[in-house]
Amino acid sequence: GGGAARLYEPMNRHTTFLIGGPAQYWVEPRTVEGFAEIVRYLRSQSVPIRVIGRGSNLLVKDGGIRGAVIHPAKGDFEDVRVEGETLIVGVGARLKKIASAARNAGLGGFEWMEGVPGNLGGAIRMNAGAMGTETFDQIVSVRFIDTDGQIKEKPLAEIVHHYRNVPEFEERYIVSAVLKGSPAPQAEIDVKLAASHQKRRTSQPVGASAGCAFKNPEVCGAGKLIDELGLKGRSVGAAIVSDIHGNFIVNSGGATAREVLDLVAEIQEIAQRERGVQLEMEVKV
Ligand code: EPU
């Protein structure tokens, strides 16, 4: 697909946590057919495949990633096209860019994306959300490379999705999606965009992190729970629980994946012991 390929690419350059050892093979396709071709080839050689977008919800281990990491972020994958009340978006488009394209077209519903760092693919894979909205509220259909290497498309009704998890896109690789908005006055959209921006700026840390570390348990918010347990500021090496939001672990400079995972285990142990709550990681390892 006319893309680049490299060996032993350091993953700390490709994750918002700024953590992670090297990927054995790093591939950047630029076209959908190029992406599918790479997938078919790697599968024929039994090379393990990972797909990474913005790397904003990801903890890559210090030993790196064996096999190939595919990064569909340029060329076709950056496209954001407005058609009536829908947006046709490439897997590598930034959520911020989607929010602003929708705003310019007078389409509401995408404002929450303004405050979420990430690309469309990751947002679909994990059904990302903020401010009471989640990605699947707006999906019309998703195009993907199926396990047989062919490009297919599924409508919303056929895609099983949960809170922060869409299992079928673990081994099927998203290439684009159709999203639905609803016409709204631009002034109204701007107010919501500002609120989304404000929410992130005032309630979340600016340091290197992967967003919320844990899923919210049924009983209460994970951040609130960690806060109540007095764990803000707790650290292992350079991995530290944010003073601003208890569910964020921040890399204060040169943290290793090991340090983050040890801190995660300590928090889980304390939450279990003190409150009987099982905290499940939201960040993908
Ligand atoms: N709170 C505290 N202490 C803290 C953190 C939060 O008391 O340290 C309180 C807040 O004051 C608020 C309540 O807990 O009353 C909820 O906090 P917040 O609005 O920040 O929402 P959250 O449930 O902690 C969720 C998402 C975030 C998303 C925000 C904003 C999850 C796991 N987290 O956080 O998503 O940005 O809502 O809509 O669902 C992410 O997915 O990575 C992420 C950061």
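About the cut-offs
Starting afresh in each chain, residues are numbered from 1 along the sequence in its written order. Only residues with pLDDT of at least 70 are given local features in this predicted model, and only at 80 or more are side-chain atom pairs given and counted; all residues enter the totals for whole chains, interfaces and linings. Here the side-chain values reflect all heavy atoms present in the structure, with hydrogen atoms and water set aside. Near is defined per residue: the residue qualifies when any heavy atom it owns lies within 4 Å of the molecule or strand. In protein, a polar contact means a hydrogen-donor-capable atom and an acceptor-capable atom, both N or O and within 3.5 Å, with residues adjacent in sequence counting only if both atoms are side-chain atoms; elsewhere, any N or O pair within 3.5 Å suffices. Only the protein chains shown count as covering a residue, and every accessible area follows the Shrake-Rupley method with a 1.4 Å probe. Each nonpolar core is a collection of buried residues, namely Ala, Val, Leu, Ile, Met, Phe, Trp, Tyr and Cys, held together in the definition by side-chain atoms within 4.5 Å. Categorising residues by exposure relies on relative accessible area from a 1.4 Å probe, with only protein chains included: less than 20% of the type maximum marks a residue as buried, more than 50% marks it as exposed, and the intermediate range marks it as partly exposed. The secondary structure listing takes helices from DSSP runs of H or I that are at least 4 residues long and strands from runs of E that are at least 2 residues long, numbered from the N terminus. Boundaries between domains were set according to an automatic or database domain assignment. In this analysis, two residues are considered to be in contact whenever any of their non-hydrogen atoms come within 4.5 Å of each other. A quick way to say it: buried area is the sum, across both parts, of accessible area lost when two parts are put together, with a 1.4 Å probe. Orientation is described by lines fitted to C-alpha atoms, with helices fitted over the stretch in contact, and by angles between N-to-C directions that extend from 0 to 180 degrees. For this classification, under 35 degrees means roughly parallel, over 145 means roughly antiparallel, 65 to 115 means roughly perpendicular, and everything else is oblique. The nonpolar class holds Ala, Val, Leu, Ile, Met, Phe, Trp, Tyr, Cys and Pro. Asp, Glu, Lys and Arg form the charged class, and all remaining residues, Gly among them, are polar.

## Brief notes about the site of the ligand
Link 1 in the chain: In the vicinity of the ligand lie 19 residues, with Met131, Tyr163, Lys199, Cys212 and Asp227 positioned nearest.
Link 2 in the chain: One of the side-chain N or O atoms of glutamine 204 is found 2.9 Å from an oxygen atom in the ligand.
Link 3 in the chain: Contact between the ligand and histidine 245: an oxygen atom at 3.0 Å from a side-chain N or O atom of the residue.
Link 4 in the chain: Protein coverage of the free-state accessible area of the ligand, which is 830 Å², stands at 71%.

## Thoughts on the nonpolar core
Link 1 in the chain: In this structure, Phe35, Leu87, Ile98, Ile124, Val142, Phe169 and Leu179 are the most contacted members of the largest nonpolar core, which totals 46 residues.
Link 2 in the chain: The set of elements that each furnish at least two residues to this core consists of α1 (32-44), β4 (65-70), β6 (86-90), α2 (95-104), α3 (120-125), β10 (139-145), β12 (173-180) and α4 (186-203).
Link 3 in the chain: A total of six residues in this core trace back to one element, the largest contributor, which is α1.
Link 4 in the chain: Both domains that furnish three or more residues to this core are identified here as domain 1 (4-70) and domain 2 (79-202).
Link 5 in the chain: Dropping the residues within four chain positions of it, isoleucine 124 is found in contact with Thr135, Phe136, Ile139, Val142, Val166, Phe169, Ile174 and Ala177.
Link 6 in the chain: Ranked by size, the runner-up nonpolar core spans 28 residues in total, among them Val241, Ala257, Ile270 and Ala271.

## Overview of the domain arrangement of the protein chain
Link 1 in the chain: The domain boundaries assigned to the protein chain delineate domain 1 (4-70), domain 2 (79-202) and domain 3 (205-285).
Link 2 in the chain: When each unit is reduced to the centre of its C-alpha atoms, the spacing between domain 2 and domain 3 is 27 Å.
Link 3 in the chain: Taken together, the two surfaces of domain 2 and domain 3 that pack against each other cover about 460 Å², and 48% of this comes from carbon and sulfur.
Link 4 in the chain: A per-residue breakdown of the area domain 2 buries against domain 3 is headed by Met126, Tyr163 and Arg164, which together make up 66% of the total.

## Describing the packing of α2 against α4
Link 1 in the chain: Axis separation between α2 and α4 bottoms out at 9 Å; the angle between their running directions is 160°. With respect to each other, α2 and α4 are oriented roughly antiparallel. Along its contact with α2, which presents Ala99, Arg103 and Asn104, the element α4 presents Gln186, Ile189, Asp190 and Leu193.
Link 2 in the chain: Its residues assigned to classes, the contact of α2 with α4 comprises three nonpolar, two polar and two charged.

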